[in-house]
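Listed below are the residues making up each chain.
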Amino acid sequence: VTPSPSDRRVEPLLRDLAPQVLGAVVRRFRDFPACEDAVQEALIAAAAQWPRDGIPGNPRGWLIQVALRRMTDHVRSEISRRSREAVVAGEAPVVAPVLDSEPSIDPDDTLVLLFMCCHPSLPPLSAIALTLRAVGGLTTAEIAKAFLVPESTLAQRISRAKQSIKKSRVPFRLPDARERARRLSSVLHVLYLIFNEGYTTTSGPALQRTDLSNEAIRLTRAVHQLLPDDGEVAGLLALMLLTDARRAARTGPGGELIPLDEQDRTLWDAQAIAEGVALVSAALRQGAVGEYQLQAAIAAVHDEATRAEDTDWPQILALYSVLKRMTDNPMVALNHAIATAMVHGPHAGLDLLAPLDDDERVSGHHRLDAVRAHLLERAGHRAAAVSLYRTAAEKTTSVPERNYLMMRAARLSEAL
Amino acid sequence: MKFMLMMNTPRDGYAWYMSWPKEVIEANVAFMIELSKKLSAAGELVSTEGLASPARAKLVRAGKDGKPVTDGVFPESKEFLAGYWIVDVDSPERAYEIAAEVATAPHAGDVPFWIEVREVMGSHKDLR
């Protein structure tokens, strides 16, 4: 079979329509787990038929109809099962609902679904998998491949997540104003984790995992369109774009990690940088500065330097100082120490690292050793740096990072 | 985060295993099947295998022509891998919990099972 020209359009179209279709079906039938299965079946049917027969005139209506039919079948069989039980128990049989018209589409459905799938009570692995399937429109097989787990395991993870949503009886509507900020922050965190999983291509087929970054950007873009005035949503989207812009320069031909200051900056994606800079600048002008906006602003300062030596480190240091007052995340403290070293010299940075030895969240972390090794190297303490690079290499669980740290130690030790 | 849970055995471990009473073997087999089902249903199982007896293990090196040269395992080797589980979980604590459950597998005698837990390279990192 020769693939028709519509092939390439089908997949993105299905992914965009998935949450709209699911929202429409859930509002009709309520039963989230069963509705989600019905929509997934409709998406799979479309993925098989549309490339062959062409995209229907009303693709969303087509998907909704197929999903509704599946749901009606499901409800009928549930009813006949329960009626049989009711007859035995001497109760009146249940009546099937009548399908009159096509359910209406509500643009907020995507947001409602995200709030549901990223509910703070769900463990991260479950929230990530469910979000990618129910909101992202990815198949179980695609998600399983991206996370390098068997399809059956991932299917179970999704099914358990759906059951726990059903049991918690979270209503299918936007959370009220009181709840909203907290719930939005867990949505953003899940999107951030999906991006990160794709960006840190630490193992497995690199392409598959890069797709996760694209998927995270696409979903965050959708949230930004629905909540254009939320600075943190804009900040996260900007952070993703500004980080992802460096993708082509971040690894060498053998997959080896290239640090920011050694990257070929002509390989950076200028269009993504321009979009990210515009987003974060607009968000910062609106006030209500949040962590994602500050992270994005820092990424923007890096991305705007044509050469590493042109980097405006005093500005980065100022931004990290604001960020450090806002959060007690030790990774921020670590980066603040690096920025301090870039402005005031390695010893000033090393002084700021000392208190982190007592912070159990980071004291055993390879990044603390790696940063200290870097600063010691810059301060001329080469032997100490070599030993700390090796300590860090032994602790990290990222293969490219381990290779980078080992090479750094080897190079420095030969120069001793 | 992925972890490998390893059950190790001394050189004569398999002979000991083969000599268990019938009820204990049955309970052990049922436990292992049930455990796999449970981990899979929890969406945590990546893979699990049991290995054949170290009595059949070979040490292999490349000969001068690149062809394999085989030998039996070293007599001084004390520990052998008997089987493993790879799980994908939200935290190291959850991996330890599963390991503790594995360690309750029915077996003969009163020597406890020790499970070695190792993180698999490639766990994702927080960029911030």
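Residues numbered from 1 in each chain as written. Chains lettered and ligands numbered in written order. Predicted model: local features only at pLDDT ≥ 70, side-chain atom pairs only at ≥ 80, totals over all residues. Heavy atoms only, no water.

Student: What is the right way to read the overall build of chain A from this model?
Tutor: In terms of regular secondary structure, chain A is built from 19 helices and zero strands. With the C-alpha coordinates aligned to their principal axes, the bounding extent of chain A is approximately 85 × 50 × 40 Å. Looking at chain A residue by residue over its 416 residues, the buried ones come to 50%. Sequence-distant contacts in chain A: of pairs separated by 6 or more residues, those separated by 24 or more amount to 65%. For chain A, the exposed surface amounts to about 19600 Å²; the carbon and sulfur share of it is 53%. Within chain A, one finds 48 positive and 51 negative side-chain charges whose respective centroids are separated by 4 Å. (Helix = DSSP H or I, 4+ residues; strand = E, 2+ residues; numbered from the N terminus. Buried < 20%, exposed > 50% of the residue type's maximum accessible area, 1.4 Å probe, protein only. Contact = heavy atoms within 4.5 Å. Areas by Shrake-Rupley, 256 points an atom, 1.4 Å probe, with all protein chains shown as cover. Lys, Arg positive; Asp, Glu negative; His and termini not counted. Charge placed at Lys NZ, Arg CZ, Asp CG, Glu CD.)

Student: Just checking my understanding: could you explain the interface of chain A and chain B for this structure?
Tutor: How big an interface is tends to be stated in terms of the accessible area lost upon association of its parts. The partner chain B presents 21 residues to the 34 residues of chain A that form the contact. A combined buried area of about 2400 Å² lies between chain A and chain B, and 52% of that area is made up of carbon and sulfur atoms. Summed over the three residues of chain A that lose the most area to chain B, namely Leu125, Tyr192 and Thr397 of chain A, the buried surface amounts to 23% of that side. There are one salt bridge connecting chain A and chain B. Here chain A is connected to chain B by six residue pairs in polar contact (both at pLDDT 80 or more). Those elements giving two or more residues to the side of chain A that touches chain B turn out to be α5 (124-135), α7 (151-168), α8 (177-199), α13 (291-303), α15 (330-344), α17 (366-378) and α19 (399-414) of chain A. Here the side of chain A that touches chain B is composed, by residue class, of 14 nonpolar, 14 polar and six charged. (Buried area = accessible area lost by both parts, 1.4 Å probe. Salt bridge = Lys/Arg side-chain N within 4 Å of Asp/Glu carboxyl O. Polar contact = N/O pair within 3.5 Å; in protein donor to acceptor, adjacent residues only side chain to side chain. Nonpolar A, V, L, I, M, F, W, Y, C, P; charged D, E, K, R; others polar.)

Student: What is the right way to read the packing of aromatic side chains from this model?
Tutor: The relation between two aromatic rings is expressed through the spacing of the ring centres and the mutual angle of the planes. Within the structure shown, the criterion is met by five aromatic pairs over all chains. Ring geometry for Tyr192 of chain A against Tyr292 of chain A: centres 6.2 Å apart, planes inclined by 40 degrees, an arrangement best described as tilted. With Tyr192 of chain A in helix α8 and Tyr292 of chain A in helix α13, this residue pair connects regions lying 100 residues apart in the sequence. Side by side, Tyr192 of chain A and Tyr292 of chain A carry an identical accessibility label, which is buried. Arranged with centres 5.2 Å apart and planes meeting at 85 degrees, the rings of Trp16 of chain B and Trp20 of chain B form a pair that is edge-to-face. Members of the aromatic cluster, connected to one another through ring pairs, are Trp16, Tyr17 and Trp20 of chain B. Over the aromatic face of Trp268 of chain A sits the side chain of Arg246 of chain A, whose NZ or CZ is 5.8 Å from the ring centroid. (Phe/Tyr/Trp six-rings, centres within 6.5 Å; stacked < 30°, edge-to-face > 60°. Lys NZ or Arg CZ within 6 Å of the ring centre and 35° of its normal.)

Student: I keep staring at the side chain of Lys162 of chain A and nothing clicks. Help me out?
Tutor: Residues and elements named next belong to chain A. Structurally, Lys162 is set in helix α7. A polar atom in the side chain of Lys162 sits 2.8 Å from the side chain of Glu36. Filtering out sequence-adjacent residues up to four positions away, Lys162 remains in contact with Phe32, Pro33, Glu36, Asp37, Leu130 and Arg133.

Student: Looking at this model, I keep getting lost on the pattern of salt bridges. Mind explaining?
Tutor: If charged atoms from side chains of opposite charge come close, those side chains can pair. With the rule as written, the count across this model stands at 34 salt bridges over all chains. The partner of Lys395 of chain A in a salt bridge is Asp369 of chain A, with the nearest N and O atoms 2.6 Å apart. Note that Lys395 of chain A is positioned in helix α18 (residues 382-395) and Asp369 of chain A in helix α17, a separation of 26 residues in sequence. According to the relative accessible area criterion, Lys395 of chain A is partly exposed, its value standing at 36%. We note a salt bridge from Glu26 of chain B to Lys22 of chain B, for which the minimum N-O separation is 3.3 Å. Residue Glu26 of chain B and its partner Lys22 of chain B are located together in helix α2 (residues 22-41), separated by four residues, close to a single helical turn. Take Glu26 of chain B: its relative accessible area is 46%, and that puts it in the partly exposed class. One continuous salt-bridge network, built from bridges that share partners, spans Glu11, Arg15, Asp16, Glu142, Glu215 and Arg218 of chain A.

Student: Teacher, can you tell me more about the nonpolar core here?
Tutor: Nonpolar side chains in soluble globular proteins tend to be buried together. Membership of the largest hydrophobic core comes to 108 residues, with the highest contact counts inside it found for Val25, Phe32, Leu63 and Leu130 of chain A. Once residues lying within four places of it in the same chain are set aside, the contact partners of Phe32 of chain A are Leu22, Val26, Leu113, Met116, Cys117, Leu130, Ala134, Lys162 and Ile165 of chain A. (Core = buried A, V, L, I, M, F, W, Y, C linked by side-chain atoms within 4.5 Å.)

Student: What is the right way to read helix α3 (residues 92-102) of chain B from this model?
Tutor: Counting along an α-helix, one turn takes 3.6 residues, and residues three or four places apart therefore face a common direction. Residues and elements named next belong to chain B. Here α3 has its buried residues at Ala95, Ile98, Ala99 and Val102. Buried residues along α3 cover an arc of 100 degrees about the axis, so they all sit on one side. Elements that come into contact with the buried residues of α3 comprise β1 (2-10), α2, β5 (79-88) and β6 (115-119). (Arc of directions from axis to C-beta.)

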